[in-house]
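Reading the structure
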Amino acid sequence: MKIKKISVVFFLGASSLYLAQTKDSISEEMAVDEVTIIGTRNKNRTVTNTPVPVDVIDLKQVSQSTGQVDVNQLLQFAAPSFNSNKQSGSDGADAVDPATLRGLGPDQTLLLLNGKRYHQSSLVNLFGTRGRGNSGYDMNTIPVAAIKRVEILRDGASAQYGSDAIAGVINVVLNDRNHGFEGSAFYGANLFKSPGNNDVVSDKKLDGNTFDFSGNLGTKIGNNGGFGNFTFEIINKDYAIRNANPDKFDAPRQRFGDAKSNNIFFFGNVEVPLSDNLKFYSQPGFSYRNTHAYAWTRSADADGNIPEIYPNGFNPVQNTKISDFTFDNGLTFKLGNWDLDFYNAFGNNRFIYQIDNTINATLGVNSPTSFDAGGHSLLQNTTGISASKSFDFLEGFNLAMGTEFRYEKFNIIKGEEASYAMYDVNGNLVTTETNPDLLVVNPLSGDVRPGGSQGFPGYSQQVGKSRNNFAAYIDTELDITKSWMISAAGRFENYNDFGSTINGKFATRYAITPQFAFRGSISTGFRAPSLVQKYYSLQFTNFQGGSLVTVQLASNDSALAKEVGIPELKQETSTNGSAGFTFNSGKFTATIDGYYIKVKDRIVLTGTFDQSDDAIGSILTTNHIDQSQFFTNAVDTKTKGVDLILSYNTGLGSGKLTATLAGNYNEMEITDVHTSGKLVGKEDVYLSARERAFILASAPKTKINLNLNYKIQKFNANLQLVRFDKLTLVGYNGPDDYQTYTPRVTTDFSLGYDFTKNFSWIVGGKNIFNRYPTLQYGAVSDGNTESGGIFDPVQMGFAGRQIFTRVTYKF
């Protein structure tokens, strides 16, 4: 059956979801018989009649009229259920923004590239950040200029797509234009002005300078419909530092704010017919990011400083280099009436730390000021075959099935010795009394100076671990009547390191009238512990209540973890349910979806245990460890919420007005904390009130987007308001040390003009009223914010007002 092209598609304009009625409004035609919507393997299904909520976002349209240049921040201000925080003082997370759906963990959302599983980042989020103890995906390794659209499935989908899909699935679809060139040049900067009584100061009146240059080329390959689409993009961002007024605060971190970064991308999307029945496709991609982020300030009299080198103290700089490579290839063909796809998706993420403007204090005046601290990498290779077929004997019956085999390898790359070791006054290595071959790494006791590179100690061990996974799935859909459809999916997975799991999903949609429909789903889900969580270890320095301490983060397979009774990591499991209604009258569209997500055995990073602990303190003392923390399946949570999207478009005068109101209500509850046997009764340390607050603050309780877009002839104006609800964090001084961030509204405005059909210009401002998070007056002076600055990283960001301009040229 030939499916007609539809003229009603979802897309975002200037960072807000709205409905357009003409395909002329978007950059590429989205026809039902040309695209596959995430959440269904039925090629005859459209975004308007899926049984689960799917947002299709025209990211190009968003980026054209906003001051955001990376994927995470574009979606942060576009989709209410998506949250991504800019980080500061969070080690590697300063270079990789953690992203979540519906307030769950960064690793509980699955990322796909053109429908194939994308590789995770090798980074694990530690202190100073959301998603502590979680690994996840780095969406900013994909250039915006290479993206045609982003599909967000806001529903549990482990039974369809496997591990990580507890909160939902994000599918990034690459450009497939087969002709022409489009180039874009962007400049943005923070136009600084202190809020209040000069509580925030900046080095410059204009900072955070951002330059983005991109080019996208489409070309035909052969005469049978083949194409190649290639993107090259460069993004350079400067520091945007937001410090406390030194006359009012004695902040422990003098260089709080956005990091400096240089980014280079190259992505391709190639499709070549080899015969009438056989097609080859390939998606190569490479990105490189060099980020400079300031660590905590070392004062002139600190144990970690050598006054002869830094008489006034110093601010270490974490100079991180991320190389990310993806190479997906496949063949699509027909076997009888079956559509088959045989593919191999390869990805590798490599993260290297160089620590500059620092010292190893135990080397005294002979210490270098720059160290190779090592790093980590994660390789993933997925090989699979999928098959689907629509059957005639039942109306609308579609059957899809497939298998996948995935191989993963995680490496920790050892740093140079001086980046992690401690030396005596003669420059000799300090070793333990019980084992002369074991270096003492960064002890902090009495007047002993800390070893290793200040700001981020190097990795002291070389680690290489791998595993494999086999999966098989079946996915069905059936139209019971013209008004009622059902779908069911089941998936089996086996991991060689922890065993097998089976998950299922059932979903349905019933059209009560042609305009009004009910939809709902129920499913089970899972997330396998990542290799990073199983094998990551590090000794690092942290500030707790203004004091510098060293913590041993012990890997889950370490002798220390076993000795204190930490069990081996196992899978997280979930039960998901959703129900909602859709309405579409042409000019007005409304969707409302409620959801419930129960997750058991979530993997988190425990609080720190020290030598005074009556249960395991003696073990830490014996192992010469001051404090330690562990990865463990410690937490059960329940999340409930509602997504609402209202969209209206109409003619107004000689132009067209589109208005969208989109909101998310999200409430999470921690229902249980599981301790190990030796630590029963230590729940408040195992997962302290402070750590619980960070989990619960992964998303504001409400987030509301209002977008107004007016287009008249060659002019285009866009106004967007985003309201972020209150967040409450807890400081180092106990469960009553609340740090409240009151609700904030950011306002963005842009004006565009199309000089010709090939040349356009946009100017605008982001957060034009210069709103900042709530200043934490007392916490700053106490050295009690997680970031060490005047506020913590929260959803709205902390850079203030930005002005920007963009020119785009096509030929």
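This is a predicted model, so every value here is computed, not measured.

Following the sequence through the fold, Asn664 ends up in strand E33 (residues 655-673). In this structure, the C-alpha to C-alpha distance between Asn664 and Asn705, residues 41 residues apart in sequence, is 9.0 Å. Residues in contact with Asn664, not counting those within four places in the same chain, are Pro80, Ser81, Tyr595, Val642, Asp643, Lys701, Thr702 and Lys703. Here the side chain of Asn664 touches Tyr595 through a polar contact of 3.1 Å, side chain to side chain.

Bringing the sheet that holds strand E8 (residues 147-153) into the picture now. In space, the five strands of this open sheet follow the order E3-E8-E9-E6-E7, with mixed pairing throughout. If you trace the sheet from one side to the other, it starts and ends with strand E3 (54-57) and strand E7 (116-117), each paired once. For strand E6 (residues 109-113) and E7, the ladder comprises two bridges, and the chain directions are antiparallel. By the bridge assignment for E7, Leu113 is matched with Lys116.

In this section: the confidence of the model for the chain. Of all residues in the chain, 89% attain a pLDDT of 70 or more, and the chain-wide mean is 86. Here residues 1-36 scores under 50 on pLDDT; set against residues more than four positions off or in separate chains, the count is 112 contacts. Segment residues 433-438 is flagged for pLDDT under 50; beyond a separation of four residues in sequence, or across chains, it makes five contacts in the model.

Taking a probe equal in size to a water molecule and rolling it over the atoms shows the remaining empty space. Counted according to the given criterion, the structure contains 14 cavities of 30 Å³ or more. Each pocket or cavity is described by its volume, and for the largest cavity that value is around 640 Å³. Lining the largest cavity we find 42 residues, and of these Asp70, Gln73, Lys86, Lys237 and Asp258 sit closest to its centre. Listing elements by their share of the lining of the largest cavity, those giving two or more residues are helix H2 (71-76), strand E12 (206-221), strand E13 (226-237), strand E17 (260-275), strand E18 (278-294) and strand E38 (744-754). With four residues, E17 is the single largest residue contributor to the lining of the largest cavity. Its residues placed into classes, the lining of the largest cavity shows 15 nonpolar, 16 polar and 11 charged. In this model, the second largest cavity occupies a volume close to 250 Å³. Broken down by secondary-structure element, the contributors of at least two residues to the lining of the second largest cavity are helix H1 (59-64), strand E10 (181-191) and E12. By residue class, the composition of the lining of the second largest cavity is five nonpolar, nine polar and seven charged.

Turning to the environment of Ala689, a few remarks are in order. With respect to the helices and strands, Ala689 occurs in helix H8 (residues 689-696). By relative accessible area, Ala689 is classed as partly exposed at 31%. C-alpha of Ala689 to C-alpha of Pro735: the two residues are 46 residues apart in sequence and 5.4 Å apart in space. Filtering out sequence-adjacent residues up to four positions away, Ala689 remains in contact with Asp684, Val730 and Pro735.

Okay, the nonpolar core next. Counting 64 residues, the largest nonpolar core has Leu59, Leu75, Val150 and Val169 as the members making the most contacts within it. Beyond its immediate chain neighbours, meaning those up to four positions away, Leu59 contacts Val71, Leu74, Leu75, Val144, Ile147, Lys148, Arg149 and Val150. In terms of nonpolar packing, the next biggest core, distinct from the first, is built from 28 residues, Leu126, Ile322, Tyr535 and Leu569 among them.

This part takes up a nonpolar patch on the surface. Together, Ile480, Trp484, Tyr510, Ile512, Phe581, Ile592, Val642, Leu644 and Tyr665 make up an exposed nonpolar region whose accessible area comes to about 740 Å². Here Trp484 is to be found in strand E24 (residues 484-495).

This next bit is on the pairing of E3. Burial of the side chains of E3 extends over both faces: Val54 and Val56 are buried on one face and Asp55 and Ile57 on the other. The sheet contact formed by E3 and E8 spans four bridges and is antiparallel. Each bridged residue has a counterpart across the sheet, and for Val54 the counterpart in E8 is Leu153.

Thresholds applied
- Residues numbered from 1 in each chain as written.
- Predicted model: local features only at pLDDT ≥ 70, side-chain atom pairs only at ≥ 80, totals over all residues.
- Heavy atoms only, no water.
- Helix = DSSP H or I, 4+ residues; strand = E, 2+ residues; numbered from the N terminus.
- Contact = heavy atoms within 4.5 Å.
- Polar contact = N/O pair within 3.5 Å; in protein donor to acceptor, adjacent residues only side chain to side chain.
- Pairing = 2+ DSSP bridges.
- pLDDT = per-residue confidence, 0-100.
- 1 Å grid on protein atoms, 1.4 Å probe; cavity = no way out; pocket = protein on both sides within 12 Å on 5 of 7 lines; lining within 4 Å.
- Points joined across faces, edges and corners; volume = space filled by probe spheres on them.
- Nonpolar A, V, L, I, M, F, W, Y, C, P; charged D, E, K, R; others polar.
- Buried < 20%, exposed > 50% of the residue type's maximum accessible area, 1.4 Å probe, protein only.
- Core = buried A, V, L, I, M, F, W, Y, C linked by side-chain atoms within 4.5 Å.
- Patch = residues over 30% accessible without salt bridge, like charges linked within 9 Å, V, L, I, M, F, W, Y side chains within 5 Å.
- Areas by Shrake-Rupley, 256 points an atom, 1.4 Å probe, with all protein chains shown as cover.
- Salt bridge = Lys/Arg side-chain N within 4 Å of Asp/Glu carboxyl O.

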